[in-house]
Amino acid sequence: MICVLSGGTGGAKFVDGLRQVMPAEQITLIVNTGDDLLWWGLYVSPDIDSITYVLSGMLSRERGWGVKGDTFLCLQAMGQLGEPTWFHTGDRDLAMHLLRSRLLAEGKTLSDATAVISEKLGVKARVLPMSDSRVETRIDTPIGELSFEEYFVQRWYQDPVNSVRFAGASDAEPAPGVIDAIEAADAVIIAPSNPITSIGPILAVPGIRETLLRCRGKVAAISPIVGSAPVAGPAGILMAAQGLPCSIVGVAHAYEDFIDILVCDHRDTRAAELLRANGLTVHCTQTIMRTAEDKAALARDVLGYVSRSPHDERPARGSAFRRLDQQP
Ligand code: GDP
């Protein structure tokens, strides 16, 4: 059993690889819901949508979000009615938001709604929201606090970022099955997702980080940063705002108390040496996923790393590379 913590885009690419190389029934996804928003009165959960679409074979690989071959007639019509159109929802994509919103209005939890939709779409992996409580990623900028989608989609992440917080996290509980999935997993994989706004909200839900610290399976993280830049998106800016360097060292720091293994790109061989010298197991491979083969190869590599050396060989979690702080 493999448990994957994931956001939307980078996470979906990795999951696309994983489903090619292992039975989907053996995968549990714990997905960020910090980006969720009410759009035209509908409850949209962008990362759950992307993961559900990739697992059901519906994801538009060109766009990296939404349904392949979708049309945007409703978006056009809403624009004609003077409604906001900055968040693009395709016509078929809307069906997902309509159904989820109806299920929530009937009193179902987000976990229940996600399970119903997964079943209807033939998704064999288990998709769990990180929490059924509302946790909202809030980005503090000079023009005020923005939701993640306002910052990222509406404003093209052009605003300087002062800080990031996860409103509601301290009162949230992990969704049913989340803690059990981490505890039962033979390995936990942190997808190459944004460490601050995709994995950060998951870790902010009380109990999840603690479970990662004591779980029996190996915990491996794949870096979304290659060299000194994210493969895409604002991860570098957001990491800097949280005091982390935009590098694999910054990624290692974000997860330093619970990871056993960091997977980074061949281009980061030198930085990998620094981390290894500080006691972290680091594997370098090709982490840029362009084709279906790239995705499968990365998934296969990561499964190999987490199954390789025996679990009890590793140093106690968190003790290995706190010393990074002492580096010049
Ligand atoms: P979001 O919810 O859309 O922000 O999705 P994620 O957090 O899952 O994905 C965004 C992250 O994926 C960014 O930080 C990218 O750097 C990373 N990413 C996207 N494509 C790739 C890839 O091919 N390889 C790696 N290593 N990272 C990627």
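Residues numbered from 1 in each chain as written. Predicted model: local features only at pLDDT ≥ 70, side-chain atom pairs only at ≥ 80, totals over all residues. Heavy atoms only, no water.

Peer 1: Give me the lowdown on empty space enclosed by the protein, citing residues and values where you can.
Peer 2: Throughout the structure, instances matching the rule amount to one cavity of 30 Å³ or more. In this structure, the largest cavity spans a volume of roughly 40 Å³. Every residue along the wall of the largest cavity is listed here: I48, T52, M96, R100, A113, T114, I117 and S118. At the level of secondary structure, the elements contributing two or more residues to the lining of the largest cavity comprise α2 (46–55), α4 (91–105) and α5 (110–120). Ranked by residue count, the leading element in the lining of the largest cavity is α5, at four residues. Tallied by class, the residues present in the lining of the largest cavity amount to four nonpolar, three polar and one charged. (1 Å grid on protein atoms, 1.4 Å probe; cavity = no way out; pocket = protein on both sides within 12 Å on 5 of 7 lines; lining within 4 Å. Points joined across faces, edges and corners; volume = space filled by probe spheres on them. Helix = DSSP H or I, 4+ residues; strand = E, 2+ residues; numbered from the N terminus. Nonpolar A, V, L, I, M, F, W, Y, C, P; charged D, E, K, R; others polar.)

Peer 1: Mind laying out the site of the ligand, listing which residues take part and the relevant values?
Peer 2: As a structural note, the neighbourhood of the ligand is formed by 21 residues, with T9, S193, N194, S198 and T287 the closest of them. Taking G8, its main chain carries an N or O atom lying 3.0 Å from an oxygen atom of the ligand. Contacts to the ligand include T287, whose backbone N or O atom sits 2.7 Å from a nitrogen atom. Burial of the ligand by the protein chains amounts to 94% of its free accessible area of 600 Å². The pocket occupied by the ligand, as judged from atoms lying within 2 Å of grid points, is the largest pocket. Here the shell around the ligand takes four residues from helix α1 (residues 9–21), the largest share from any one element. Here the residues of the shell around the ligand sort into eight nonpolar, 10 polar and three charged. (Near = heavy atom within 4 Å. Polar contact = N/O pair within 3.5 Å; in protein donor to acceptor, adjacent residues only side chain to side chain. Areas by Shrake-Rupley, 256 points an atom, 1.4 Å probe, with all protein chains shown as cover. Sits in = over half its atoms within 2 Å of the grid points.)

Peer 1: I'd like a description of the side chain of S45, backed by residues and values.
Peer 2: For S45, the location among the structural elements is in the loop between β4 (42–44) and α2. At a separation of 2.8 Å, a polar atom in the side chain of S45 contacts the side chain of D36. With residues near it in sequence (within four places) discarded, S45 still touches T33, D36 and R100. (Contact = heavy atoms within 4.5 Å.)

Peer 1: Summarise the pattern of salt bridges; cite the residues concerned and give the values.
Peer 2: Tallied over the full model, the rule gives 14 salt bridges. Between D49 and R100 there is a salt bridge, and its shortest N-O distance comes to 2.5 Å. Here D49 is found in helix α2, whereas its partner R100 is found in helix α4, with 51 residues between them in sequence. By relative accessible area, which is 1% here, R100 ends up buried. Here the salt bridges share partners, and the residues they tie into one network are D16, R19, R61 and K295. (Salt bridge = Lys/Arg side-chain N within 4 Å of Asp/Glu carboxyl O. Buried < 20%, exposed > 50% of the residue type's maximum accessible area, 1.4 Å probe, protein only.)

Peer 1: Explain the pairing of strand β14 (residues 281–285) residue by residue, including any values.
Peer 2: Most of β14 is tucked away, with four of its five residues classed as buried. Bridge count between strand β13 (residues 261–265) and β14: five bridges; the pairing is parallel. Bridge pairing links C264 to C284 in β14. Between β13 and its parallel partner β14, the chain crosses via helix α12 (residues 269–277), and the hand of that crossover is right-handed. (Pairing = 2+ DSSP bridges. Right-handed = clockwise from strand over helix to strand, strands pointing away.)

Peer 1: Account for the sheet that holds strand β1 (residues 2–6), with residues named and values stated.
Peer 2: The parallel open sheet is built from seven strands, whose spatial order is β5-β2-β1-β9-β10-β13-β14. Edge positions in the open sheet fall to β5 (126–129) and β14, since each of these has one partner strand only. When the angles between neighbouring strand axes are averaged without regard to direction, this sheet yields 20°. (Axes fitted to C-alpha atoms, helices over the stretch in contact; angles between N-to-C directions.)

Peer 1: Break down the sheet that holds strand β7 (residues 144–147) for me, with residues and values.
Peer 2: Spatially, β7-β6-β8 is the arrangement adopted by the three strands of the open sheet, whose pairing is antiparallel. Single-partner strands in this sheet number two, and they are β7 and β8 (163–167). Between one strand and the next, the sheet's axes are offset by a mean angle of 30°, whatever the strand orientation. Strand direction decides the pairing type here: strand β6 (residues 136–141) and β8, joined by five bridges, are antiparallel. Each bridged residue has a counterpart across the sheet, and for D140 the counterpart in β8 is S163. Its contacts with the sheet place helix α8 (residues 195–204) against β6 and β8, and it is angled at close to 45° to β8.

Peer 1: Before we move on, can you summarise unusual backbone geometry with the specific residues and values?
Peer 2: Even without glycine at this site, W40 takes up a positive phi of about 55°. By secondary structure assignment, the location of W40 is in the loop between β3 (37–39) and β4.

Peer 1: Quick one: what's the story with the environment of A204, residue by residue and with numbers?
Peer 2: Residue position: A204 is located in helix α8. Taking C-alpha positions, A204 is 8.9 Å from A172, a pair spaced 32 residues apart along the chain. Sequence-distant contacts of A204, that is, excluding residues within four places in its chain, are made with F166 and A169.

Peer 1: With reference to specific residues and values, describe the packing of α1 against helix α13 (residues 292–307).
Peer 2: Taken N-terminus to C-terminus, the directions of α1 and α13 make an angle of 75°; their axes are 7 Å apart at the nearest point. Taken as axis vectors, α1 and α13 run roughly perpendicular relative to one another. On α13, the residues that touch K13, F14, D16, G17, L18, Q20 and V21 of α1 are A292, K295, A296, L298, A299, R300, V302 and L303. (Parallel < 35°, antiparallel > 145°, perpendicular 65-115°, else oblique.)

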